[in-house]
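Overview (structure and organization)
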Amino acid sequence: MDILRENVRSIISQVDALLIYDNGSANIKAVVEGLQDYNCVWIKNTVNMGIGEALYDGINYAYKQGYKYIYTLDDDTVSNYDVVKLVVSELEKDNSLAIIAAGTQLRLDEDFSKNSYESKIDYVTKERGVMTAGSCARVEYILNEGNYKKEWFIDWIDWEMCNRLIKRGYKVALHRGAAQRHAEGNKLEKKFFGKNVISQDYPAFRLYYRSRNLVLLRALNMDDEYYRKRAFKSDFSYRIKCILAIERNKIKKLTAILRGIINGKKMLRTGKTIPYSKKFPY
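Residue positions are given per chain, counted from 1 along the sequence in the order it is written. pLDDT decides what is reported in this predicted model: residues at 70 or higher carry local features, side-chain atom pairs at 80 or more are listed and counted, and totals for whole chains, interfaces and linings draw on all residues regardless. Water and hydrogen atoms play no part in the side-chain values, which are based on all heavy atoms of the structure.

**A few points about the overall build of the protein chain**
Secondary structure elements follow DSSP: runs of H or I no shorter than four residues count as helices, runs of E no shorter than two count as strands, and numbering proceeds from the N terminus. For the protein chain, the count of helices and strands is 9 helices and 10 strands. Computation of the radius of gyration draws on C-alpha atoms alone. For the globule rule, the value is 2.2 Å times the number of residues to the power 0.38. Relative to the compact-globule value of 19 Å for 282 residues, the protein chain shows a C-alpha radius of gyration of 19 Å, a close match. Each principal axis of the C-alpha distribution contributes one length, and for the protein chain these read about 45 × 40 × 40 Å. Three exposure classes are used, based on accessible area relative to the maximum for each residue type with a 1.4 Å probe and protein chains only: buried under 20%, partly exposed in between, and exposed over 50%. Per-residue burial for the protein chain yields a buried fraction of 46% across its 282 residues. Long-range pairs, those at least 24 residues apart, make up 76% of the contacts in the protein chain with a sequence separation of at least 6. Only the protein chains shown count as cover for residues, and all accessible areas are computed by the Shrake-Rupley method using a 1.4 Å probe. Within the structure as shown, the protein chain displays about 14900 Å² of accessible surface, and the carbon and sulfur contribution to it stands at 50%. All tallies of charge rest on Lys and Arg as positive and Asp and Glu as negative; His and the ends of each chain are not included. Taken as the charge location is NZ of Lys, CZ of Arg, CG of Asp or CD of Glu. Taking the average place of the 47 positive charges on the side chains of the protein chain and the average place of its 35 negative ones, the gap between the two points comes to 9 Å. Here, residues are in contact when the closest pair of their heavy atoms is within 4.5 Å.

Below you can see the structure in the form of structure tokens.
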């Protein structure tokens, strides 16, 4: 709650409206009470609909309310005081720029004031994307592309949209002068045969969606050498090494990755969405 309050405090004065999308939190009553001092709009679900549904609904809300841009954040992202001004100023300069993200990522325990940031814009190529956590997008352009793929639930959703926009001739960029502090998740760090191994320690259901959606993303970008030759190796080899070396629930996680690959290929053949389990909408 402390991080969430700092998140809201850091961004609410920079935007015209703040929409909080809750995905079935068990402590939603405490969350609402903890943020009662802030004027927020809420969308609440009784089950976890995934980040994809949140992005999809958030874009639709912004469009209906007449907003030109939407700045998206995770619940554990703390923004510097000027991020929105910096990214929107770049969008206002260039109509071909569809998405621009905060390009300087700090740990939650780092202090903004101790860092100097170079106002440099880095454009990304089609084999790359930017995270939606701390990115500003043109609502109209996202809707023109059919909105985010809510059926992807979690992972690679942001990259897939970036790829679509870049193929259409739009630009996607990182603003190195825009900074945010971001939690590192459930990071594990251990020695394995004398080498330091760092793992994000994703749960099995997330590994399922990462592998399933990467199969789909690769199929959409077979004209690109990165996806055709290196995407699987760069992601899966790292995940599997971490699981075998230092993570728990090895069989469950490796099985989830394999199921994700198999079901991703099945989705390509049938066009039907295959979720991790019945308790997840996608």
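**Observations concerning the pattern of salt bridges**
By convention in these notes, a salt bridge is any Lys or Arg side-chain nitrogen within 4 Å of a carboxyl oxygen on Asp or Glu. With the rule as written, the count across this model stands at 17 salt bridges. Across the salt bridge formed by R164 and E160, the nearest N and O atoms sit 2.8 Å from each other. Remark: E160 and R164 occur in helix 6 (residues 157-167); sequence separation between them is 4 residues, near one turn of the helix. D235 is the salt-bridge partner of R239, the closest N and O atoms lying 3.5 Å from each other. With R239 and D235 both in helix 8 (residues 225-245), this residue pair falls 4 residues apart, about one helical turn. Using a relative accessible area of 8% as the deciding quantity, one classes D235 as buried. Taken together, the shared-partner salt bridges connect D155, R206, R210, D235 and R239 into one network.

**Here's the deal with unusual backbone geometry**
The phi torsion at F153 lies on the positive side, around 70 degrees, for a residue other than glycine. One can find F153 in the loop between helix 5 (139-144) and helix 6. Of note in the backbone geometry, D155 takes a positive phi value of approximately 75 degrees without being a glycine. Residue position: D155 is located in the loop between helix 5 and helix 6.

Note that all results are geometric; they support no functional claim without further evidence.
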